Amino acid sequence: MTDTTKEPLLKVEHLSKEFPAESGMIAGRFSKRVVSAVKDISFEIYPGETFGLVGESGCGKSTTGRSIMRLTNPTAGHVYFEGKDVAQMNSKELKAMRREMQFVFQDPQASLNPRMTIGEIVSEPMVIHGIGTKEERIERVRELLDVVGLNPEHINRYPHEFSGGQRQRIGIARAFALRPKLIICDEPVSALDVSIQAQVLNLLKDLQDHFGTAYLFIAHDLSVVQHISDRVAVMYLGKIVEISDWKTLYTEPHHPYTQSLLSAVPVPDPDVQKTRKRIILPGDPPSPIDPPSGCRFHTRCPIAQAVCSEEQPELREVAPGHFCACHCAAVNPIKETSIEL
Amino acid sequence: MLYPSPTQKLGMEATAEAVAQEHDKGSGASRTLWGDAWRRLRQNKLAIIAAVWIIFVALVAITADLWAPQLLGSPTAADTTQMAAQSLQPPSLEHPFGTDVTGRDILVRVIYGARISLTIGLLATAISTAIGLVMGALAAYYGGIWDTIIMRAADIFLAFPYVLFVLCLIAALGQSITNVFVAIGILGWPSIARVFRSAILSVKENDYVDAARAMGASDARIIARHIFPNSVASIVVYATMNIGSAILSEAAISFLGMGVQPPNPSWGIMIQDGQAYLMTAPWLMIMPGLAILSTVLAFTLLGDGLRDALDVKMKDA
Amino acid sequence: MAKKKNDYVDLKTQPIPEGHHLLEVDNLKMFFHTEDGVVKAVNGVSYTLDRGETLGVVGESGSGKSVTHMTIMGLIDMPPGKIEEGDVRYRGRSLLEMSEQEMQHIRGNDIAMIFQDPMTSLNPVYKIGRQVGEGLRLHRGYSKKEALERATELLRLVGIPSPEKRVNEYPHQFSGGMRQRVMIAMALACDPDILIADEPTTALDVTIQAQIIELMKEMQEKNGNAIIMITHDLGVVADMADKIMVMYAGRPVEFGTADEIFYESRHPYTWGLIRSIPEQAIDEKKPLTPIHGNPPSLVNLPSGCPFAPRCPYAVDICHQKEPEHIVTETGHYSACHFADDPEFLKFAPDTSRSRGKIATGMPDTLDPDLTGGEA
């Protein structure tokens with residue numbers, strides 16, 4: 001599905017984002033301590049593909065999404081959307097860019113204005129970009145509601161009248177209102193129950209097949225990311241530690257963090273769960289205020305060497321299209337495994 | 001500590017969800033949020049009684065010219081021998097609230113006093129709210145240095161002894177009814193600004209504001225469509241209660257002799273007039289006192305009712 | 001050993017009467033009577049649990065899995081709640097008939113609980129040591145010093161580094177995973193018979209979740225207590241549970257051993273849950289088969305089987321008649337009219353057993369000896 005011969009739709013280069021560690025008037029302005037939320041990350045997203053960004057809470061995956069959209073301004077680095085630098089855009093260009101790039105939020109409750117009807121919410125992007133007459137917009141909204149599996153008759157209802165899964169469908173309808181080229185989905189299913197999660201994942205997949213939209217899919221749940229993504233990047237403490245296509249990542253993970261993450265996800269199958277090998281990482285992720293020197297993972301890494309605490313590993317191509325930032329990755333060749341029962 | 005809270009919440013959540021879904025199945029017609037608020041306000045008996053009382057007082061005050069002087073005599077009539085004969089009469093059928101030292105009917109004076117008190121309460125609150133909204137919005141939306149300057153200014157205003165400040169302002173502006181509500185209004189903005197600022201800041205945190213920005217919405221649109229409608233409820237509530245406190249301030253200032261001037265019948269002046277007769281003719285103080293008490297209480301109760309009625313979260317749980 | 005504060009006899013030291021299990025829940029029904037109607041929050045829950053066993057209770061939000069166990073612990077306010085039917089017996093004695101005072105001895109001492117959110121479950125103004133030791137002072141009459149010593153020991157047991165120092169710290173100085181360890185230490189302080197864990201890992205990251213699950217298993221091996229694991233995550237129950245109860249709309253729809261639920265399930269809701277979970281596929285991705293629609297309102301349950309409106313196999317009888325539990329010889333029950341129809345059971349999803357091969361997603365080559373300190 002990923003056609004890397006094409007021009008990338010989105011290109012992120014050496015993106016970094018720091019926040020002041022102290023908030024408030026005086027401390028915030030003069031303190032030198034910063035939270036290094038995202039540190040020097042680069043990746044590309046191609047038209048029509050789903051790029052998964054996976055990591056634990058506080059790893060900077062949401063900040064990455066927000067920086068791309070310029071909901072927050074990156075500290076360093078570039079984001080190119082269709083070849084144009086997002087950071088250099090003036091407000092007019094930014095508005096035009098936002099027509100092509102939309103956002104789906106985690107919390108379907110907080111992302112819908114409680115005082116607007118579903119019709120107003122879904123048509124708002126069209127109003128902002130001056131698309132169609134009022135009648136045409138209503139027609140389009142009804143179409144969209146139908147596409148995402150809601151009753152178009154409910155156009156005049158308010159968000160509180162819908163369940164969590166239905167609200168997320170409304171958020172998705174809004175994101176698709178302008179037929180954007182890229183949608184950033186920030187944990188779109190993590191607030192939903194399992195059976196509803198599957199409904200929403202299938203919906204996102206169907207809409208992508210229909211409209212050819214690319215997704216940046218941000219989530220902490222590996223099985224969800226694997227299911228929906230073509231390529232996946234794994235983040236740890238603000239850095240991308242591994243990027244590859246979904247299959248390789250799950251069958252031949254190179255980075256010890258990816259491996260431990262995969263092994264930590266409980267598999268809903270007792271036989272597998274009882275027989276498989278597991279790596280249980282000791283301790284907690286360190287604070288991003290004062291990240292460890294060298295490889296940020298070395299404090300919890302089961303195979304750390306002396307070099308890991310001194311030198312920052314670069315993302316290296318270990319196989320075509322498979323990048324890994326680990327000094328020891330080459331020392332640990334990985335092979336596909338499965339258990340015969 | 002082993003059992004933090006017997007989360008009875010669990011059951012209640014289930015109920016809320018159930019009700020929401022129940023509604024979902026209902027007819028296609030939808031309730032609006034303001035309609036919902038009205039429906040919930042109607043269920044609050046105290047708030048409705050308060051609202052009815054406020055409307056009644058306002059109607060009486062507005063229409064007073066048409067009937068009150070004819071029935072009860074002039075509220076400001078100068079001292080005449082005939083009236084002096086009626087001096088300090090206790091409440092009776094002819095004078096339901098009694099008469100004052102110059103023989104004027106207390107009821108008619110309370111009614112005309114309501115005109116002044118309500119006018120000052122409303123206009124002062126309008127001024128406070130207008131200034132407070134702009135200041136609060138500037139502070140919250142632009143933040144940084146704006147926030148610091150405005151909120152520190154508000155702190156300074158709030159740190160001043162309130163009555164003293166109003167008195168000085170009136171002394172500087174000159175004594176008139178207009179200057180009374182201008183002074184009360186100007187001094188009232190800091191609390192409104194604070195309430196509005198914190199309301200905006202909490203609304204700003206919501207994803208739907210980011211969602212609008214991500215759609216390319218302008219600042220003006222975000223404020224008008226998303227932030228304002230969701231933060232205005234707190235201002236409606238606060239302003240309603242503020243009317244009551246503005247009425248109180250007016251009474252206090254008039255009592256001190258710096259507000260409305262005799263023979264105009266303000267409630268504050270009437271209490272001041274009556275204090276000399278507290279032992280002999282207590283109705284001189286009690287009647288205007290009851291008027292202040294009931295009206296201020298009504299505004300507070302109505303404000304309370306509005307707060308519950310306008311709270312979207314209460315039904316979403 | 002510290003002296004008893006009073007002459008109360010620990011139930012957990014008493015033998016389980018002949019013919020009884022450690023915990024028996026028998027057709028428990030608890031409804032909330034609210035202005036909007038009767039909420040059938042717990043509707044006919046039955047199961048048994050023995051020492052050393054782990055029961056997984058699985059369901060989506062609003063399925064009643066938490067409320068059921070709050071009811072068992074007597075933590076539901078009555079009214080609006082009301083026990084309509086059924087009984088809960090712990091070591092042969094009915095918990096529902098006990099006085100509040102007796103229940104206070106049971107809670108924390110015989111049956112302890114861990115909650116989902118370690119952030120709000122700890123009191124921010126007290127030191128960790130005091131909070132962990134509180135149960136001991138309350139139930140065992142320990143002195144302050146004894147309680148603190150035992151608290152230090154417990155913190156060491158649950159893998160908190162330098163516990164002598166940490167007992168004097170406050171909750172905000174602990175990370176989320178560490179706080180959940182503290183909660184476990186607190187729950188285990190009085191060596192309870194049963195540990196009820198309500199979504200204990202939901203608020204945690206996967207790598208921390210793995211630590212906590214390992215810790216709970218380890219503690220169970222050491223103490224022999226039973227665990228009731230309430231969760232929405234089938235993966236977590238697959239990891240821990242011996243028995244599983246699947247709940248839907250306040251009812252248990254299926255109950256059996258872990259193997260029976262995962263490999264021989266007899267209820268279409270369980271099938272739906274299993275099919276909704278993205279598989280760790282290594283060849284081709286299969287589309288998910290979600291359950292359509294939304295869970296029903298507990299006030300206005302559909303007639304017949306509550307799952308019927310969402311069930312792809314529902315026929316007329318499902319909409320008319322509420323299914324009884326159909327029980328197998330092993331005690332595996334399913335609330336489905338067709339649970340004993342072999343033709344119907346062919347609709348069950350493929351499992352790793354029926355396919356005979358599964359992917360683990362986990363390389364063999366990494367030496368487990370290198371895995372650092374295990375939890």
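What counts and what doesn't
Every chain is numbered independently, its residues counted from 1 as its sequence is written. Just so you know, chain letters begin at A and ligand numbers begin at 1, following the order they were written in. This being a predicted model, a pLDDT of at least 70 is required before a residue's local features are given, and a value of 80 or more before pairs of side-chain atoms are given or counted; all residues contribute to the totals for chains, interfaces and linings. The helix count covers DSSP runs of H or I at least four residues long, the strand count covers runs of E at least two residues long, and both are numbered beginning at the N terminus. Every radius of gyration here is taken over C-alpha atoms, with the globule rule written as 2.2 Å times N^0.38, N being the number of residues. Burial in this document is a count-based property: other C-beta atoms within 10 Å of a residue's C-beta are tallied, and the residue is buried at 20 or more, exposed at 12 or fewer, or partly exposed in between, with C-beta positions derived from the backbone. Any two residues are considered in contact once their C-beta atoms, placed from the backbone, lie within 7 Å. Residue ranges for the domains trace back to a domain assignment, done automatically or taken from a database. Polar here means any residue outside two lists: the nonpolar Ala, Val, Leu, Ile, Met, Phe, Trp, Tyr, Cys and Pro, and the charged Asp, Glu, Lys and Arg; Gly therefore counts as polar. DSSP calls a pair of strands paired once it identifies at least 2 bridges connecting them. With strands facing away from the observer, any crossover in which the path from the first strand over the helix to the second runs clockwise is taken as right-handed. To define axes, lines are fitted to C-alpha atoms, for helices over the stretch in contact only, and angles between the resulting N-to-C directions are given on a 0 to 180 degree scale. Here, a nonpolar core denotes buried Ala, Val, Leu, Ile, Met, Phe, Trp, Tyr and Cys residues that are linked to one another through C-beta atoms within 7 Å.

A. Up close: the overall build of chain C. Per the secondary structure count, chain C includes 14 helices and 13 strands. Taking 21 Å as the expected radius of gyration for a compact globule of 375 residues, we find that chain C reaches 22 Å, a close match to that expectation. Projected onto the principal axes, the alpha-carbon positions of chain C cover approximately 65 × 55 × 40 Å. The proportion of buried residues among the 375 residues of chain C is 53%. Put simply, of all contacts in chain C between residues at least 6 apart along the chain, 66% involve residues at least 24 apart.

B. Layout of the domain arrangement of chain C. Residue and element names in this part refer to chain C. According to the domain assignment, chain C consists of domain 1 (11-245) and domain 2 (249-354). For domain 1 versus domain 2, the separation of C-alpha centres amounts to 28 Å. Taken together, the contact pairs 23 residues of domain 1 with 17 residues of domain 2. Mapped onto the side of domain 1 that touches domain 2, the elements with two or more residues apiece are β2 (37-49), α9 (234-240) and β9 (243-248). Split by residue class, the side of domain 1 that touches domain 2 holds 11 nonpolar, 7 polar and 5 charged.

C. The arrangement of helix α9 (residues 207-215) of chain B in detail. The element α9(B) is largely enclosed, with a buried count of 9 among its 9 residues. Every buried residue of α9(B) is accounted for by D207(B), Y208(B), V209(B), D210(B), A211(B), A212(B), R213(B), A214(B) and M215(B). Its buried side turned inward, α9(B) meets α3 (91-100), β6 (101-104) and α4 (118-128) of chain A together with α8 (177-204) and α10 (219-255) of chain B. In the segment just after α9(B), G216(B) is the residue with positive phi, at about 95°.

D. Spotlight on the pairing of strand β8 (residues 214-219) of chain A. All names here are of chain A. Among the 6 residues of β8, 6 are classified as buried, and the element is accordingly described as predominantly covered. Of the two faces of β8, both are covered, the one formed by A214, L216 and I218 as well as the one formed by Y215, F217 and A219. Two strands pair when backbone bridges link them, and strand β3 (residues 50-54) and β8 are joined in this way by 5 bridges, in the parallel orientation. Within the sheet, the bridge partner assigned to G52 lies in β8 and is F217. In this sheet, β8 lies alongside strand β7 (residues 182-186) in parallel orientation, the contact comprising 5 bridges. What sits directly across from I183, in β8, is Y215. Handedness of the crossover joining β7 and β8 through helix α7 (residues 194-211): right-handed.

E. Region of the structure containing the sheet that holds β3(A). Residues and elements named next belong to chain A. Judged by pairing direction, the sheet is mixed, and its 8 strands sit side by side in the order β6-β7-β8-β3-β9-β10-β12-β11 without closing on themselves. The outermost strands of the open sheet, each flanked by one partner alone, are β6 and β11 (316-319). In this sheet, adjacent strand axes meet at a mean angle of 20° when their direction is disregarded. Relative to strand β9 (residues 231-236), β3 runs parallel, the two sharing 4 bridges. Paired with F51 across the two strands is R231, which belongs to β9. Across the sheet, helix α6 (residues 164-176) is in contact with β6 and β7; its angle to β6 comes to roughly 175°.

F. The domain arrangement of chain A, seen in detail. All names here are of chain A. Domain boundaries assigned for chain A yield domain 1 (10-236) and domain 2 (252-341). With centres defined by C-alpha atoms, the gap from domain 1 to domain 2 works out at 28 Å. Between domain 1 and domain 2, the contact holds 11 residues from the first and 12 residues from the second. In terms of residue count, the dominant contributor to the side of domain 1 that touches domain 2 is strand β2 (residues 34-45) (3 residues). Residues belonging to the side of domain 1 that touches domain 2 are distributed by class as follows: 6 nonpolar, 3 polar and 2 charged.

G. How the structure looks around the nonpolar core. L216(A), F217(A), V234(A), A185(C), I228(C) and M229(C) are the most contacted members of the largest nonpolar core, which totals 286 residues. It is helix α5 (residues 106-142) of chain B that contributes the most residues to this core, 16 residues altogether. Those residues in contact with I228(C) that lie beyond four places of it in its chain are L49(C), L55(C), V57(C), H69(C), I194(C), I196(C) and A197(C).

H. Up close: unusual backbone geometry. With a phi close to 50°, D40(A) is a non-glycine residue in the positive phi region. Relative to the assigned elements, D40(A) resides in strand β2. In this structure D40(A) comes out as partly exposed when scored by C-beta crowding, with 17 C-beta atoms within 10 Å. Phi at N27(C) takes a positive value of approximately 50°, unusual for a residue other than glycine. Inspection of the secondary structure puts N27(C) in strand β1 (residues 23-34). Judged by the 13 C-beta atoms lying within 10 Å of it, N27(C) falls in the partly exposed class.

I. Seen up close, the environment of A151(C). Residues and elements named next belong to chain C. Here A151 is to be found in helix α5 (residues 144-157). Owing to 28 C-beta atoms within 10 Å, A151 belongs among the buried residues under this scheme. C-alpha separation for the pair A151 and P118, spaced 33 residues apart in sequence, amounts to 18 Å. Contacts of A151, omitting those with residues within four sequence positions, involve G129, V132, G133 and V167.

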